[in-house]
Amino acid sequence: QPLAFGTLFMLAWLAQVLLIGIAPPIGIPIVLMLTPSISFGLMAAVGEVRAKRFPRPKLLIEGLRGAPTRRRAMLHLGLIYGAVMMAWLVLWLGSVDWESLMKLDGSEAAIKAFLEKNPQFQLRLAMVSFGNVLMLGVATHAGALVYWNRLSAFAAVGTTLAAMFRNAAAF
């Protein structure tokens, strides 16, 4: 069901961008907090397809449905993910000269000049991307442990990190 998965992914992405656009100061933390639940929803969609059922958009909020303890654990996981990602963003992008970056006109010369004045910028973006990929992997798999195995958020994150560390060679 590639079209269904693509549609679910685009729907999730569009909802997140819309939330950030409507309320930027609170939209980013809310989107970060909901990311593990949405990622879990995409994983649950795989189960639906394997069971020969069509994955529906409600799967994107499946992690927040059901028992209150499960919902609370998923929200705690979202808080952990959001806090780690906000700290990671501040660590790597906090010292970027955003004013100069926003004034770029898009020309190759202007971009070259900005990169010459800010030689660490590309490394900083790469580190943010690396951290994001790593944390998305943690959040997605920890979300599955919270939902299906009913682990607490901290236990799920610990179990996921231990599994990722043991399988580092595969990554």
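Quick caveat: nothing in here was measured; it's all calculated off a predicted structure.

So, about the overall build of the chain. Within the chain, the regular secondary structure consists of 7 helices and 0 strands. Projected onto its principal axes, the C-alpha coordinates of the chain cover approximately 55 × 35 × 30 Å. Here the chain holds 171 residues, and the buried ones make up 33% of them. Sequence-distant contacts in the chain: of pairs separated by 6 or more residues, those separated by 24 or more amount to 63%. As presented, the chain carries roughly 10,700 Å² of accessible surface, and 70% of it is formed by carbon and sulfur atoms. Charged side chains of the chain number 15 positive and 7 negative; the gap between the two group centres comes to 22 Å.

Positionally, Ser37 belongs in helix H2 (residues 24-50). Beyond its immediate sequence surroundings of up to four residues, Ser37 is in contact with Leu60, Ile61, Gly63, Leu64 and Met74.

Further remarks concern unusual backbone geometry. Positive phi is not limited to glycine here, since Lys52 has a value of about 65 degrees. Inspection of the secondary structure assignment puts Lys52 in the loop between H2 and helix H3 (68-93). Although it is not a glycine, Arg150 adopts a positive phi angle of roughly 55 degrees. Following the sequence through the fold, Arg150 ends up in the loop between helix H6 (121-148) and helix H7 (153-166). Taking relative accessible area as the criterion, Arg150 reaches 61% and is therefore assigned exposed.

Let us look at the packing of aromatic side chains. Inspection of the entire model under this criterion finds 5 aromatic pairs. Taking the centre distance of 4.9 Å and the plane angle of 65 degrees together, the rings of Phe40 and Trp148 count as edge-to-face. One end of the pair, Phe40, is in helix H2; the other, Trp148, is in helix H6, and 108 residues separate them in sequence. Residue Phe40 is classed as buried on the basis of its relative accessible area, which comes to 0%. Relative to Trp148, the ring of Tyr147 has its centre 6.1 Å away and its plane inclined at 80 degrees; by these criteria the two rings are edge-to-face. Through successive ring pairs, a cluster of aromatic residues spans Phe40, Tyr147 and Trp148. Directly above the ring of Tyr147 sits Arg70, whose terminal nitrogen or CZ lies 4.2 Å from the centroid.

Further remarks concern the packing of H2 against H3. Where H2 contacts H3, the axes come no closer than 8 Å and their chain directions differ by 125 degrees. Comparing their axes, H3 and H2 come out oblique. Between H2 and H3 the crossing geometry is right-handed. Between H2 and H3, the residues in contact are Ile28, Leu32, Met33, Thr35, Pro36, Ser37 and Phe40 and Met74, Leu75, Leu77, Gly78, Leu79, Tyr81, Gly82, Met85 and Met86, respectively. Considered class by class, the residues forming the contact of H2 with H3 number 12 nonpolar, 4 polar and no charged.

Let us look at the side chain of Arg70. With respect to the element layout, Arg70 can be found in helix H3. Here Arg70 occupies a buried position and makes no salt bridge, while the nearest side chain of opposite charge, Glu62, is found at 5.5 Å. Among all residues touching Arg70, those that are not within four sequence positions of it are Gly63, Arg65, Val146, Tyr147 and Arg150.

Axis separation between H2 and H6 bottoms out at 8 Å; the angle between their running directions is 75 degrees. Here H6 runs roughly perpendicular to H2, going by the angle between their axes. Only Leu136, Ala139, Thr140, His141, Gly143, Ala144, Tyr147 and Trp148 of H6 make contact with H2, whose side of the interface consists of Thr35, Pro36, Ser39, Phe40, Met43 and Ala44. Looking at the contact of H2 with H6, its residues break down into 9 nonpolar, 5 polar and no charged.

Here is what the cut-offs are and how they apply
Throughout this description, residue numbers start from 1 for each chain and increase along the sequence as written. The model is predicted, so local features are restricted to residues of pLDDT at least 70 and side-chain atom pairs to those at 80 or more, both for listing and for counting; the totals for chains, interfaces and linings are taken over all residues. Calculated side-chain values reflect all of the structure's heavy atoms, with hydrogen atoms and water omitted. Helix and strand definitions follow DSSP, with helices as H or I runs of at least four residues and strands as E runs of at least two, each counted in order from the N terminus. Note on classification: 1.4 Å probe, protein chains only; a residue is buried when its accessible area is under 20% of the maximum for its type, exposed when over 50%, partly exposed between these limits. Should any heavy atoms of two residues lie within 4.5 Å, those residues are considered in contact. Here the accessible surface of atoms and residues is derived via Shrake-Rupley with a 1.4 Å probe, and residues count as covered only by protein chains that are part of the display. Only four residue types enter the tally: Lys and Arg on the positive side, Asp and Glu on the negative side; His and the chain ends are excluded. In this description, the location of a charge corresponds to atom NZ of lysine, CZ of arginine, CG of aspartate or CD of glutamate. By convention, a stacked pair of Phe, Tyr or Trp rings (six-membered ring in the case of Trp) has centres within 6.5 Å and planes under 30 degrees apart, an edge-to-face pair has planes over 60 apart, and any other such pair is tilted. Distance and angle both matter: a charge sits over a ring if NZ of Lys or CZ of Arg is within 6 Å of the ring centre and within 35 degrees of the ring normal. Here an axis means a line fitted to C-alpha atoms, over the contact stretch when the element is a helix, while the angle between two N-to-C directions is reported on a 0 to 180 degree scale. Roughly parallel refers to an angle under 35 degrees, roughly antiparallel to one over 145, roughly perpendicular to one between 65 and 115, and oblique to any angle outside these ranges. Left-handed describes a crossing whose near helix is turned anticlockwise from the far helix through less than a right angle; right-handed describes the clockwise counterpart. Under the convention adopted here, Pro, Cys and the residues Ala, Val, Leu, Ile, Met, Phe, Trp and Tyr are nonpolar, Asp, Glu, Lys and Arg are charged, and Gly plus all remaining residues are polar. Basic side-chain nitrogens of Lys or Arg form a salt bridge, by our definition, when they fall within 4 Å of a carboxyl oxygen of Asp or Glu.

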